[in-house]
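The residues making up each chain are set out below.
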Amino acid sequence: QVQLGESGGGLVQAGGSLRLSCAASGSAFSVNTMGWYRRAPGKQRELVATVTRNGNTNYATSVKGRFTISADTAKNAVYLQMNSLKPEDTAVYYCNADTLIYSPYRPLEVWGQGTLVTVSS
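Keep in mind the model is a prediction, meaning the values are calculated, not measured. (Residues numbered from 1 in each chain as written. Predicted model: local features only at pLDDT ≥ 70, side-chain atom pairs only at ≥ 80, totals over all residues. Heavy atoms only, no water.)

Negative phi values dominate among residues other than glycine, just as trans dominates among peptide bonds. Between serine 103 and proline 104 the backbone carries a cis peptide bond, its omega angle lying at -10°. By secondary structure assignment, the location of proline 104 is in the loop between β9 (91–102) and β10 (105–111). Despite not being glycine, asparagine 76 shows a phi value in the positive range, around 50°. With respect to the helices and strands, asparagine 76 occurs in the loop between β7 (67–72) and β8 (77–82). Residue asparagine 76 is classed as buried on the basis of its relative accessible area, which comes to 17%. One non-glycine residue, serine 84, adopts positive backbone phi at about 50°. By secondary structure assignment, the location of serine 84 is in the loop between β8 and β9. You can call serine 84 partly exposed: its relative accessible area is 40%. (Helix = DSSP H or I, 4+ residues; strand = E, 2+ residues; numbered from the N terminus. Buried < 20%, exposed > 50% of the residue type's maximum accessible area, 1.4 Å probe, protein only.)

Written out as structure tokens, the structure reads:
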């Protein structure tokens, strides 16, 4: 199977920056779209940003201009550079990947365990 390993969360003051990293590991698979979602306290999980294998990106309106998503297809990794952080960005951030498993051949959506980002005012 495929697993996602995340890192980079933590505590930062408002206006600061953090960089999240996520890498997919396993055997006999390929990755299509990777992305980041978040769940703030008391709220539903929401899209933050996604990036396709050919580099097309999509951002939530609330993070446009502040967050940048990038991918390293050779490493099956995705990164989220978060700048100008606000207290409302406080959430658990989850890595997500749309994968293709080769044997048996099938699509598989995979989620990471989540990493906590706390932005203090």
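Bringing the pattern of salt bridges into the picture now. This model, assessed by the stated rule, comprises 3 salt bridges. Residue glutamate 46 is joined to arginine 38 by a salt bridge in which the shortest nitrogen-to-oxygen separation is 2.7 Å. The partner of arginine 38 in a salt bridge is aspartate 89, with the nearest N and O atoms 3.0 Å apart. Here aspartate 89 lies in the loop between β8 and β9 and arginine 38 lies in strand β4 (residues 29–39), a separation of 51 residues in the sequence. Here arginine 38 and aspartate 89 have matching classes, each one buried. Through salt bridges with shared partners, a single ionic network connects Arg38, Glu46, Arg66 and Asp89. (Salt bridge = Lys/Arg side-chain N within 4 Å of Asp/Glu carboxyl O.)

Now for the pairing of β8. Across the 6 residues of β8, 5 count as buried, placing the element largely inside the fold. Judged from the 6 bridges that link them, strand β3 (residues 18–26) and β8 form a sheet pairing that is antiparallel. Paired with serine 21 across the two strands is tyrosine 79, which belongs to β8. For β7 and β8, the ladder comprises 6 bridges, and the chain directions are antiparallel. Bridge pairing links isoleucine 69 to leucine 80 in β8. In sequence, β7 turns back onto β8 through a hairpin of 4 residues, with asparagine 76 there showing a positive phi of about 50°. (Pairing = 2+ DSSP bridges.)

Along a regular strand, successive side chains alternate from one face of the sheet to the other. Bridge count between β4 and strand β5 (residues 46–51): 5 bridges; the pairing is antiparallel. Each bridged residue has a counterpart across the sheet, and for glycine 35 the counterpart in β5 is threonine 50. Where β5 and strand β6 (residues 57–59) come together, 3 bridges link them in antiparallel fashion. Bridge pairing links threonine 50 to asparagine 58 in β6. Linkage of β5 to β6, two consecutive antiparallel strands, is achieved through a turn of 5 residues, within which glycine 55 is found at a positive phi near 95°.

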